[in-house]
Every structure is written in structure tokens, then in C-alpha cells.
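So the chains spell out like this:
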Amino acid sequence: MTKLRFGIRLKLVFFSSFLFAIPWLGYQYVWELETYLRIGQEQTMVGTARAVATALHERPALFDAQSAYLSDVEPGKDLYAYKIAYPIQLDGELDDWQDYQHLMLNYGSPYVIDQVQDYDPQSLRFTHMVGQYDRYLYAMFKVWDDHVVMRPSNSLRIDRNDHLQIAMTDENGEFQRYIVAPFKPGWVNAYLLKNATESLLPDKLETRIQGQWRNTTEGYVIELRFPLSMMSSKIAFAIVDVDDSDSRKVEYTIGTANTSQLDSLGTVLVPSPEIENILKGLQYSNARVWVVDKHMRVLARSGQIQRSSGVQSNSDESKTKTWWNYVESEWLLPLYYQILTKPPSDFVDDLQDAYALKGQDISQALAGTPSTLWRLSSDSKAVILSAAHPIYIDKKVMGAVVVEQTTNGIRTLRNKALEQQFHYFLAVIVIGTLALFLLASRISWRIRKLRDETEEAIDSHGKIVGQIQPSTANDEIGDLSRTFNNVLVKLGQYNTYLENMASRLSHELRTPVAIVNSSLDNLSTEALNDESQQYVTRAKEGITRLSKILTNMSEATRLEQAIQSSEREAFDVQEVLQGCVQGYQGAYPQCKFVLELDRKLNNKAILKGAPELFAQMLDKIIANAVDFSEKKPVITVTLRHTDKTIELCISNLGPALPEKMQHQLFDSMVSIRKNQNSEQAHLGLGLYIAKMIANYHYGDVTIKNREENDGVVVSVNFRTQ
């Protein structure tokens, strides 16, 4: 299994990844800062609500005209006049009321005031709402009536037909009743009744109450308006249904309240213009402000929540467009906003047309305790903060001020801060990682260079063939380079000494050996007894063997010198083999030599080198084959060649090689002969010399056992190109 290798560059890049902790810490810091900004915004909102409430404390005149003093509010009876954005065209078409359809109330069985028979929804029901625009109160009635009975053209009575009853208290608090009963559809005015509490006789035409009556296939539609100045806060509307045009008896009366009794009247809450004037200056406060009564109904409001971001941020649109702006907007910011979230430019405001508010903060404020509330918009796009503060009149809570803001401003500032931080973080990470990568690459290159020089300085046989260029850098790698250079220099000197020691030793020993040899020759001429002659003969054999050892020791050195001085020439390997094999047959008559040449190719096996050295290599290999062959052995010499390679194989039958020694036999001074011939000196240099010559001819020598494990095959592969 291959072990996974981690280089210096990979390690430095890995450790540089911890730089990503810096933007994470910055990101966490900005989030913590946003938390404190929200706390600050919350306190600011409470302060704003307190300031507005202070302007409304102990001002009962702002609430006297309202229904704030009611102990309870009944929906459908106590009405709310919505703020209408545009004036209503009194044409009976209801087109101007389309935006307020969701605010209309349905009146049916629960609102029946009087009836002569069981109530039938198909006979009478209606939808109704009131609104305020400028100084007028507008009202609409969409009536479903199965039989519309209009007032006869010659009748002075106004109550024996379908009609609308209006009851209110005027600006002086007097109870007044009105009836709208036209002869035909069209423009209408109301009649003021004479005796407000007893009769339905008209007193005069009230032109201030004006509108339009339009019959429809389902019933009829009434649109009215009258000045707010002609009423106080109590009012009631009722639709009276007459189905029989002959008897003209009243069938049903359905309304917001009983119009015949003052105590039964409901109320209408009109947004207070006085309070709105007080809040008018807050439209520049970057917040939406509400004032509600103790029933949580809206008395006034100022501002829009979409523009109430809380904090204003400077826009960058006026800046000159540069290449950096392009890179930032097209590449960087889209990357950043995979993590960040943009505040929504628009979101759903579910309180846009609200006439009443609700929430824990308002409830606590109406209980006398200022409070705040965080909430999500209905589409979950925006976070809205509201702060409520009570309004006191005579030490009683009469309402509350509610101030609202979104966190979009804080989120925008947070994003701006994170964008700048991410710019710096990205620059630091990129530059830091690149610098570390370049440093690691530089260190790795120097180490690889030192490794390559070290490997090139020593060949495959352990011989020093080059030097390491010492580095001039004053660091650890430079010190290592200089140390390696010193070690190689010393090893080179020592190897040179060892290489020359054989020739020196041979030179120094030849004279003493010659002296001993001549002395033995002189001694052998003397008359010696048999025992002394035996000793002289043994000494003579020892000197002869010693001379051969000295000759073999100097042979490798002479061969190296011969290789260095010889010139290469092209020769035919086949011719050299044929001549050598013929000579071996005479030199080793006990062996049979078989030469197998490749006959498939007619071209010659040309090799560049020295034919005499090639023959010497062949001599060493054949000598080993003869020594390790069986009696009457057969030695096969095979030559195969192509355009690029020449393969020479010498095979002999005999003992197999030990498996552990097959790669060591070509080293010097290595021999596996078990029985040394007393007449021959074997120093293990034969195959070493053969390999040296093969390398000179660009060849590789291998030795292995035969497939049958009954001998040895020596293969020499030469590259011809």
C-alpha cells in the first residue's frame, strides 16, 4: 500500500487554512455588535415613545371628542372612520371603495333591531363602513333587498318605504335623527325629524347630509357624506325594510344601533386631527408612530414602516465607477451574500390599514408599563421593533404611544461593515496564502535541488562522480548544503585513496615478492632433503598465488583507465561472438559451446564501443559459466537484436544461485564459490569487470536462475540508439 506523502507546500497550505478563523472571528464580532446596536435601538425607541407620550399627557381635550372613555367597545356598533386617501365620488358605484373592501362589516341577524316576522337573510342584509377624508365623514351601504319599495311621489310620509335612519348627537350634544327616503334613485339629502324621540315626521331638509341612492338587481346602494362638525362622537345607522307596496308595513330594521334612543347609540372614532398635528413633526424621525386609545383603536399615526429603517446608511451610487467597483459588485459581493442576507427593499405591512392594534407591548403599556416587542412581518422578510408607552390623564391610562422601526438600517450597516471586513480578510488570506505557498515552493525547490545534486554526485555503484555546489544562503538549508559538500569532498578523497590502494599495494609488494621468488629459485638449486624440498615447493606455490592476486587487484584499475582512454568504434557483435566462441572451444575442451544467432534479420548487430573490451567482458562471463557448470557441460550463447536493442544471453547447466545473492554478484570482492581452487585466486572481480564493460557499451547485465532451476542465465541488454 502506497503511503500518502505530504510535502512541505501542502503542509504549509494546510496550516495556512487556519487563517480562515480570522474572518469567522470578525463575523462573530460584527454579529455581537449588531446585538448591541439592537439593544441601543430598543432603548432609543422607548425614549421616543416616552417623549411623544409626554406631549399627550394630561390633555383630555384630545380625548373628549373620542370614544376613549367607553368602558367597552362593541364591533359593528362602535364604528371606526378609516382614513381615506382620496375623496369619494358620490355616484353609487362604489368604485372608490374597492381598496377598503376588506374593512367593510356585514350586518345581518345579530344586528336586527326590530322585526314583525322571523328574519330571512334573503329579505334584508347589508355591508357598511365609514371613512374620513378632510372634514367630512363618508358612509356607504350595499343593501341586499328582495323587494325595493321607494317613497310614493305624492306622499308626505317618509317612513312607509325602504329608507335609511341616521341618529347622532350634534356638536352641542343634542340628540338628532334623520331619514333618507327619496322618491327615486339619484341624488339624495336627509330629512331632519321634528320630535327626535317620538315621531318620524320630517321637519326640514338637511342639505349637509348628501349622497347618492342607486338601485341594483340585488337591492340598492347608498353613498353619503356630511361634515364632521355637525356631530360629536355618538352615531347610529339603520336600514328599514318595507316589502309590501300596498300595506307598506315595516318588515325588518337592521342597523348599527337603535336609532330611536340616545342611550343606545354607538360611537364613531375619527382619527384625531389634533393628535395628528402633534405627530406631524415626527414624520422626519425615521419611525412610524401610532397613538391608540385604551381599546387599542388608532387615534392617529405618522410615517410609513417601509421607510422606518432606524438607521440611515450612505448610498454609494454617487461614487465614480472604477474597475474596483466592477470587481466588487460583480464578483465579491455576490460571493459575500452567499453568507450575508440583504434587508428587503419591500415587505408586506399587515398593519397598513389597521384601525386597531394588538400585541403584548401595547397590553403592557395600557396596564401602565412601557414595553417593547420584536416581531416578524407577515412575509417573514423584515424584523420590526415596536415600543409602547402609556398616556396618562388624571393618573389613568387613556391610551398609548406605539413607535415602530425595522432593523433594516442596522442590517445594512452590519452588511457594510462585513463587506469591508471581508475585503481585508480576503486580501490577507490571499496574500498570506500566496506568500506561504511561494515560501514553501522556494524551500521545497532548494531541498529538491540539494537532493538531486546529492543523487547525481554518487552513481548506482556508490562511486562519487560529482560534487554538490555549496549554497551561500545563511539558513539551515544553506548549512545543510555546505555540510553535504564537505562530506562528499572527504568521502571522495577517501574513495580515491581506496581506489589507488590496490595499485599501490601491488607496486609495493611486487619487489618483496620478486626477492622471495628469486631466493626460492636459488634455494631450489641446492641439494635439499625431501622434507626441505617439500617446504620450498609449498613456498613457491604461495608466492605464485600471491603474484596472481596482485595481478587481479590491479586489473580493475587498469581496465578503468583503458575505458577512459579508449575510443569508440562500430563493430559487429556477431563477428566478435563467432571468433570468441571458437576460441573458447579450444580453451575449454571439457565444455560444449552452442552459438545461437538471430536469423530473422539479415542486418548486422552493430554496436559502438571497443571490440577487445567486449571480448574481455565475454571472457569473464564464460569463465564463470565454465566454473559453475557440471561435467561435460553445454554452454549456450544466444544473440537477438532489433533496430534499437541487442540482447546477449549466456546459459549454463549447474547449481542455482541463492536468491539473496543475485543482485550482489556484480559488486566487487563478491564470490559464492564453495571450494576454492588452490591454483586459482578468485577475488570476486570477474562479474564486476563484466558489468563495468557492459555499462561502457550502454548495456545492463542481469543474472538469474533458469526456469527449471537447473542452471544460470546471464543476460546483457545493449541500447543501440
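Q: Explanation requested: the overall build of the protein in the structure shown.
A: Helix and strand counts for the protein come out as twelve helices and 25 strands. Residue burial in the protein is summarised as follows: out of 721 residues, 42% are buried. Considering only contacts within the protein whose residues lie at least 6 apart along the sequence, 66% involve residues at least 24 apart. With the model as given, the accessible surface of the protein reaches about 40400 Å², and the carbon-plus-sulfur share is 53%.

Q: Just to check I follow, could you spell out the environment of leucine 373 for this structure?
A: Within the secondary structure, leucine 373 sits in strand 16 (residues 371-376). For the pair leucine 373 and glutamine 360, spaced 13 residues apart in the sequence, the C-alpha separation amounts to 7.2 Å. Look past the residues within four positions of leucine 373 in its chain and what remains in contact with it is Gln360, Asp361, Ile384, Leu385 and Ser386.

Q: Sorry if this is basic, but what is going on with the pairing of strand 22 (residues 634-641) here?
A: Two faces belong to every sheet, and in a regular strand the side chains alternate between them. The element strand 22 is extensively covered by neighbouring structure, given that six of its eight residues are classed as buried. Examined bridge by bridge, strand 20 (residues 592-597) and strand 22 share six bridges and lie parallel to one another. Counted as the bridge partner of leucine 597 is leucine 639 from strand 22. Sheet topology places strand 22 next to strand 23 (residues 645-653); seven bridges connect them, and they run antiparallel. Considered in strand 23, the bridge of threonine 638 is made with cysteine 649.

Q: Whenever I open this one, the side chain of glutamate 251 confuses me. Can you help?
A: Mapped onto the elements, glutamate 251 comes out in strand 12 (residues 250-255). The side chain of glutamate 251 sits in the buried core without any salt bridge; lysine 249 is the nearest counter-charge, 8.0 Å away.

Q: What is the right way to read the sheet that holds strand 18 (residues 396-406) from this model?
A: Working definition: the strands of a sheet are paired by backbone hydrogen bonds and lie parallel or antiparallel to each other. The sheet built from five strands is open, its strands ordered 15-14-18-17-16 with antiparallel pairing. The open sheet has two edge strands, strand 15 (298-302) and strand 16, and neither has a second partner. Along the sheet, successive strands turn relative to each other by an average axial angle of 20°, direction set aside. The pairing of strand 14 (residues 288-293) with strand 18 spans six bridges and is classified as antiparallel. The partner of aspartate 293 across the bridge, within strand 18, is glycine 399.

Q: Even after reading the chapter, I still don't get the sheet that holds strand 23, so can you show me in this structure?
A: If you trace the five strands from one edge of the open sheet to the other, you get 20-22-23-25-24, paired in mixed fashion. The sheet is open, and its two edges are formed by strand 20 and strand 24 (699-705), each paired on a single side. The average undirected angle you get between the axes of adjacent strands in this sheet is 15°. Sitting on the sheet, helix 10 (residues 573-587) touches strand 20, strand 22 and strand 23, and the angle it makes with strand 20 is about 170°.

Q: What am I meant to see in the side chain of serine 155 here?
A: One can find serine 155 in the loop between strand 5 (136-145) and strand 6 (163-169). On the basis of relative accessible area, serine 155 is assigned to the buried category, the value being 19%.

Q: How should the packing of helix 10 against helix 11 (residues 611-627) be read in this particular structure?
A: A packed helix pair is summarised by two numbers, namely the angle formed by the two axes and the spacing between the axes. Relative orientation of the contacting elements helix 10 and helix 11 amounts to 45°, with a least axis distance of 10 Å. What the angle tells us is that helix 10 and helix 11 run oblique. Where helix 10 crosses over helix 11, the handedness of that crossing is right-handed. Mapping the contact onto sequence places Val573, Val576, Leu577, Cys580 and Tyr584 in helix 10 and Pro611, Phe614, Ala615, Leu618, Asp619 and Ile622 in helix 11.

Q: Whenever I open this one, the pattern of salt bridges confuses me. Can you help?
A: Oppositely charged side chains can form a pair if their charged atoms are brought close together. Tallied over the entire structure, the rule returns 16 salt bridges. Aspartate 349 serves as the salt-bridge partner of arginine 288, at 2.6 Å between the closest nitrogen and oxygen. With arginine 288 in strand 14 and aspartate 349 in the loop between helix 5 (323-336) and helix 6 (360-366), this pair connects stretches of sequence that are 61 residues apart. Per residue, the accessibility class of arginine 288 equals that of aspartate 349, and both read buried.

Q: In this structure, what is going on with the confidence of the model for the protein? I would like to understand it.
A: The predicted coordinates ought not to be read in detail in places where the model reports low pLDDT. When the pLDDT values of the protein are averaged, the result is 83; 88% of them are 70 or greater. Taken as a whole, residues 675-679 scores under 50 in pLDDT and shows four contacts with residues more than four places along the chain or in a different chain.

Q: Got a minute to help me understand the environment of lysine 294 in this structure?
A: By secondary structure assignment, the location of lysine 294 is in the loop between strand 14 and strand 15. By relative accessible area, which is 32% here, lysine 294 ends up partly exposed.

Q: Sorry if this is basic, but what is going on with the packing of aromatic side chains here?
A: The geometry of an aromatic ring pair is captured by two quantities: the separation of the ring centres and the angle between the planes. Evaluated as defined, the whole model comprises 13 aromatic pairs. Ring centres 6.1 Å apart and planes at 55° place the aromatic pair phenylalanine 126 and phenylalanine 141 in the tilted group. In this pair, phenylalanine 126 is assigned in strand 4 (residues 124-133) and phenylalanine 141 in strand 5, connecting sequence segments 15 residues apart. For phenylalanine 141, a relative accessible area of 0% translates into the label buried. Centroid distance tyrosine 588 to phenylalanine 593: 6.4 Å. Interplanar angle 45°. Geometry classified as tilted. The class for phenylalanine 593 is buried, based on a relative accessible area of 9%. Taken together through their ring pairs, the aromatic side chains of Tyr107, Tyr111, Phe126, Phe141 and Phe237 make up a single cluster. Positioned above the aromatic ring of tryptophan 144, the side-chain terminus of arginine 125 is 4.6 Å from the ring centre.

Q: Whenever I open this one, a nonpolar patch on the surface confuses me. Can you help?
A: A cluster of nonpolar side chains, namely Tyr494, Tyr497, Leu498, Met501 and Leu505, defines an oily patch on the protein surface of about 470 Å² accessible area. Relative to the helices and strands, tyrosine 497 resides in helix 8 (residues 476-524). Judged by its relative accessible area of 44%, tyrosine 497 is partly exposed.

Q: Is there a simple way to think about the environment of valine 383 in this case?
A: Relative to the assigned elements, valine 383 resides in strand 17 (residues 383-393). Between the alpha carbons of valine 383 and proline 343 there is a distance of 9.4 Å; along the sequence they are 40 residues apart.

Q: Looking at this structure, I do not really get the packing of helix 2 (residues 21-56) against helix 7 (residues 408-457). What am I missing?
A: At their nearest, the axes of helix 2 and helix 7 sit 10 Å apart, and the two run at 165° to each other. The angle between helix 2 and helix 7 falls in the class roughly antiparallel. Once helix 2 is placed against helix 7, the crossing between them reads as right-handed. Here helix 2 contributes Ile22, Pro23, Gly26, Tyr27, Tyr29, Val30, Trp31, Glu34, Leu37, Arg38 and Gln41 to the contact with helix 7, which in turn contributes Ile410, Arg411, Arg414, Leu418, Gln421, Phe422, Phe425 and Ile429.

Q: Just checking my understanding: could you explain the nonpolar core for this structure?
A: For soluble globular proteins, the rule of thumb is that nonpolar side chains tend to be buried together. If you look at the biggest cluster of nonpolar residues, it comprises 52 residues, and the most contacted ones within it are Trp97, Met129, Leu279, Val291, Leu357 and Val401. If near-sequence neighbours (up to four positions away) are discounted, leucine 357 is found in contact with Trp290, Val292, Met296, Val298, Leu351, Ile362 and Val402. Formed by 44 residues, the second largest nonpolar core is a distinct cluster that contains Leu607, Val701, Ile703 and Phe718.

Q: Where do I start with unusual backbone geometry in this structure?
A: Leave glycine aside and you will find that most residues have negative phi; peptide bonds, for their part, are mostly trans. One non-glycine residue, glutamate 58, lies in positive phi territory at about 55°. Within the secondary structure, glutamate 58 is located in the loop between helix 2 and helix 3 (61-64).

How each quantity is defined
Residue positions are given per chain, counted from 1 along the sequence in the order it is written. At least 70 in pLDDT is required for a residue's local features to be given in this predicted model, at least 80 for side-chain atom pairs to be given and counted, and no such filter applies to totals for whole chains, interfaces and linings, which use all residues. Neither water nor hydrogens contribute to the side-chain values; these are computed over all heavy atoms in the structure. The secondary structure listing takes helices from DSSP runs of H or I that are at least 4 residues long and strands from runs of E that are at least 2 residues long, numbered from the N terminus. Exposed residues in this analysis have more than 50% of their type's maximum accessible area, buried residues have under 20%, and partly exposed residues fall in between, with area computed by a 1.4 Å probe over protein chains only. In this analysis, two residues are considered to be in contact whenever any of their non-hydrogen atoms come within 4.5 Å of each other. Surface accessibility in these figures is a Shrake-Rupley result with a 1.4 Å probe; residues are shielded only by whichever protein chains are displayed. At least two DSSP bridges between two strands are needed for those strands to be called paired. Under this rule, positive means Lys or Arg and negative means Asp or Glu; His and the chain ends count for nothing. By definition, a salt bridge exists where a carboxyl oxygen of Asp or Glu is found within 4 Å of a side-chain nitrogen of Lys or Arg. Note on definitions: angles span 0 to 180 degrees between N-to-C directions of axes, and those axes are lines fitted to C-alpha atoms, for helices only across the stretch in contact. In these notes the angle categories are as follows: under 35 degrees is roughly parallel, over 145 is roughly antiparallel, 65 to 115 is roughly perpendicular, and the rest is oblique. Note on convention: near helix rotated counterclockwise from far helix by under a right angle means a left-handed crossing. Clockwise means right-handed. Within a predicted model, pLDDT stands for the predictor's per-residue confidence, ranging from 0 to 100. Within 6.5 Å between ring centres, the rings of Phe, Tyr and Trp (the latter by its six-membered ring) count as paired, and their orientation is classed by plane angle as stacked under 30 degrees, edge-to-face over 60, tilted in between. Note on criteria: charge over ring means Lys NZ or Arg CZ within 6 Å of the ring centre, with the direction from the centre no more than 35 degrees off the ring normal. Like charges are joined within 9 Å and nonpolar side chains (Val, Leu, Ile, Met, Phe, Trp, Tyr) within 5 Å, but only among residues with over 30% relative accessible area and no salt bridge; these make up the patches. By convention a nonpolar core is built from buried Ala, Val, Leu, Ile, Met, Phe, Trp, Tyr and Cys residues, the set being connected through side-chain atoms within 4.5 Å.

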